[in-house]
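Chain residues, written in single-letter form:
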Amino acid sequence: MKFICPIVWLVACLAAVGCNRREEWPFRPVTLICPWSAGGGTDRVSRQVAVQLESELGVPVNVVNATGGGGVTGHTRGATASADGYTVTMATVELNMLHWRSLCPITPDRFEPLAMINQDSAAIFVSADSPWHSLRDLDAKLRQSTESLRASGTAAGGIWHLALLGWLDRSDLPSESVTWVSINGAAPSLQEMMAGGLEIVCCSIPEARGLIDAGEIRCLGVMSRERSPAAPEVATFAEQGIDWSIGAWRGLLFPKGVPEDRVTKMREAVLNVANSNEFRQFMAASGFQVAVADGDQFEAFLTQTDADFGEILNQPHMKQTQSSAIGPYFLPSILAALGIVIGAFGWGVSRSTLNEEANTAAAENLAIDYHALLRFAAAVGLFIVLCESLGYVISAGAMLLAMLLMLRVGWRLAVAVTVVTIPSLYHVFAVVLGVPLPWGWLGW
Amino acid sequence: MDPALLQAAGDVFGRADVWLIIVAAAFYGIFVGAIPGLTATMAVALFVPVAYWLDPVAAIGAIVTMVACAIFAGDIPTVLLRIPGTPASAAYADEAYRLSEKGLAQQVLSVSLTCSVIGGIIGAILLMVLGSQLAAVASWFSVTEYFWLYLIGLSCCVLVVPAGARWKAMLSLILGILLSTVGLSAVHLEPRFTFHSVALYQGISFIPAMIGLFGLSEVFANLSQAKRGDSGACAVAPAVSFGTIIGASRSALVTRLVKRRSGTVRSSLMGVLIGMLPGAGADIASWVTFAAAKRGRDSKADRESIDAIGDATTANSAALAGGWIPTLVFGIPGDSITAIVIGVLLMKNVTPGPAIFESQPSLVYGIYLVFLIANLVMLPVGFLAIRLGLRLVRIPKQILLPIIVLFCVTGSYALNASLFDVGIMLAMGLVGFVLNRRGFPLGPVVLGLVLGGPLEERLIQSLTASGGNPLGLLNRPIAVVLAIVTAFIIASILRRSIQELRRRESA
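Cut-offs used in this document
Residues numbered from 1 in each chain as written. Chains lettered and ligands numbered in written order. Predicted model: local features only at pLDDT ≥ 70, side-chain atom pairs only at ≥ 80, totals over all residues. Heavy atoms only, no water. UniProt positions renumbered as here; feature names shortened; annotations may be inferred. Domains from an automatic or database assignment. Buried < 20%, exposed > 50% of the residue type's maximum accessible area, 1.4 Å probe, protein only. Helix = DSSP H or I, 4+ residues; strand = E, 2+ residues; numbered from the N terminus. Pairing = 2+ DSSP bridges. Right-handed = clockwise from strand over helix to strand, strands pointing away.

- An unreviewed UniProt entry lists chain B under the name Tripartite tricarboxylate transporter TctA family protein, with Stieleria magnilauensis given as the organism.

- Per an unreviewed UniProt entry, chain A is named Tripartite tricarboxylate transporter family receptor, and its organism is Stieleria magnilauensis.
- UniProt, in its Sequence similarities (unreviewed entry) section for chain A, records the words "Belongs to the UPF0065 (bug) family."

Observations concerning the domain arrangement of chain A
Alright, step 1. According to the domain assignment, chain A contains domain 1 (27–120 + 248–322), domain 2 (121–247), domain 3 (330–367) and domain 4 (370–432).
Alright, step 2. The C-alpha-based centres of domain 2 of chain A and domain 4 of chain A are spaced at 54 Å.

Regarding the pairing of strand E3 (residues 87–92) of chain A
All names here are of chain A.
Alright, step 1. Of all 6 residues that make up E3, 6 are buried, and the element is covered over most of its length.
Alright, step 2. Side chains Thr 87, Thr 89 and Ala 91 project from E3 onto one buried face, and the interleaved Val 88, Met 90 and Thr 92 project onto a second face that is buried too.
Alright, step 3. In this structure, strand E1 (residues 30–34) lies alongside E3, joined through 3 bridges in parallel fashion. Across the sheet, Ile 33 pairs through a bridge with Thr 89, a residue of E3.
Alright, step 4. As paired strands, E3 and strand E9 (residues 247–255) are joined by 4 bridges and run antiparallel to one another. Paired with Thr 89 across the two strands is Leu 253, which belongs to E9.

Observations regarding the pairing of strand E5 (residues 149–152) of chain A
Residues and elements named next belong to chain A.
Alright, step 1. Taken together, the 3 bridges between E5 and strand E6 (residues 178–180) define a ladder with parallel strand orientation. Its bridge partner lying in E6, Ala 151 is registered against Trp 180.
Alright, step 2. Since E5 and E6 lie parallel, the crossover through helix H6 (residues 159–170) that links them has a hand, and here it is right-handed.
Alright, step 3. In terms of strand pairing, E5 meets strand E7 (residues 200–204) through 2 bridges, oriented parallel. Following the sheet pairing, Ala 151 is matched in E7 by Ile 200.

What follows is the structure in structure tokens.
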């Protein structure tokens, strides 16, 4: 009787998890990779798209924040995912930029474009108590001033940095009239400007909306041809006599090589989402500008922008401004030096005073059994290697069973524990919480 | 009485659906927080799709409740298994586990629950009364001040370790910061120590690292010492009943409010102040208050340790309310959770910022009231969770250890859906095991990993802004004050180390 209960539970869980297959794609959850962290603009858009895509496709769409490396991680993972149509990437403008800076081998060619959904233009902001009221004022200040102004909005070499440099270049302003402080993200940059640490912030309008409304900052111009619907009161650069427009975009991509019929179906679903009223309302409420382009237009757009960014990023003064005063190995080398000093000190102290402690430690060492430890580590290592092909349920089950048997648990009890634990854990993570676990060739 | 306040009270108290959602969110928060690898931020991000169907008050109520509960629930695996459920519990993981090995798990958890409730309520009151004044303080902080603040956080963690291990703690800390420099540097956008592997560009994510350092290494330690055929249950779990948990919590409540009044007030204030600074948050708050409570005292008395843990749990709950201050007043998120909240509010056509106080005062009052309710609801749900947790660790070790490994693996995978993270978890488990055997504390490694990145960023940003001149770190009044505090802490670390050396030489 003791074993019937877990088996019933297993069957019930599997039935709820993966056995309700339909013939047609998609029949299991789709993963949407967001290369940026939870809470940011791209994450918000991704989660909105995911919710609506879920009702279009009829299967769960789970957002995974594959963050880090300034977008390298997420875009790389999206491009190298298996081309079965179960992984979609919410790509951002960094896809156009990273490979030109040789940070990442992934180019837009590695993707199959589905649709572009949004484009936000860059804009220049200054503090409300600053003396500059238009681009002309700022231009004059930059021209005559001997001291450079401090600006930020993103990390050095990011999209808003390029936008600002492009403006300086178009207006023949010296590129050293602005010092770019590398601050990650628009919100902390704006905060820094309010604290008096910066004079200029370059970012998109929705990112600054709260502070514009609060009257804390002023927008001097939007780098687009038409006025932004998010802030129709702000003049464009074109209106102020400067021919310069640049912005960030977001779009959905498949990795290259997804079967044709799945691409067609997904393109249709994504376009339905992007053109829906619900999506437009969400974007309007968040201040994001909707800019829908279908797969082919998006492909052309990607090729065009990629060439443009290549041109900007390969300019000699651009390369020069990217090297900052303090090198990347500044802190690590200080720390290493400090570590060596403290380590040497500690080693000296412990050698001179702790002979008896060392003896007891040596005695303890004899009693240690490293075998069980190494076997456990090997089990986890095997899980890492096999999990992608076998799937979570089988590989985790095997790992758990092996570890239980290693600790000399009776095999019946071990099987019972495995059969109860693994399906419930899988159910909780993959179904209830919507956190994707690795799928094997069986689909779970 | 203010009509907006009345309307808010009606909205919050008078609606059965709001209560229902809050209670459900409490269970959900406890559950997610107790699983190592799933953080409070994750709980909220996973909740966002559900928030679409709720009105603002219900959605905010659910978020506030689940976050408060998740931060408390993070203490449950911390105390029972030495695996911090959320990063906010990492500060006192070693200390709490040492106590539970002495059979005090139940007391520690009761104190932690009571203090979380107290901290949450005091934080909410401060948010209501002083919210807009405090927000002005937050806007004075530039990158330079953050640099000093992070340095204070880092030096605090060296201060809290017990005697004799200070140089080891410093080495652990340096190891942590060095590990944080792996990957694409955030300021330079240049790969460091990646050995041409794209997987390493993301760096060493600290949640898998934390799970490995604390959780897996503890399993390894158990394995290496296990005598063959030893099938005893974990020593940490005494028999429990609701009566004893409630009794312990009541006495904790009295102690906190009467005997440890100053500690409670101090840690709540520090929690709110640190929590409201964007980029700082519940985890830093708990490190700093834990250090302040121990203030370098080397005493290993259980009573004092419990008090210090109480202070830290008060602060990390109070910090949650602090995070809402810049969110409501400027529309700048105070932490990653409020960043998601801003998204949810925008979705409901509510734009956070000063205008919200005039245009939708009832919503603002609603948020305040929800904070109070969330913390009260946490009490009974927390009792249930403690009882369940104490039950679960009574499973025989032979079965419990493999299951813990399974959770470590699944939890570290879940955060970024990355097997590479599982590998990091495994590697850090082995590193943690070795460090622990050699007497190096693990807390500083985790803190170094968490704060190393931002510390370096702020340092280089300040130096860039000042044109490479190191005096640029001291050219603002608040920065000078913070620098003096840092110098004071470092001096007291050195003084204590020298005293110890002398004592040892004379002995």
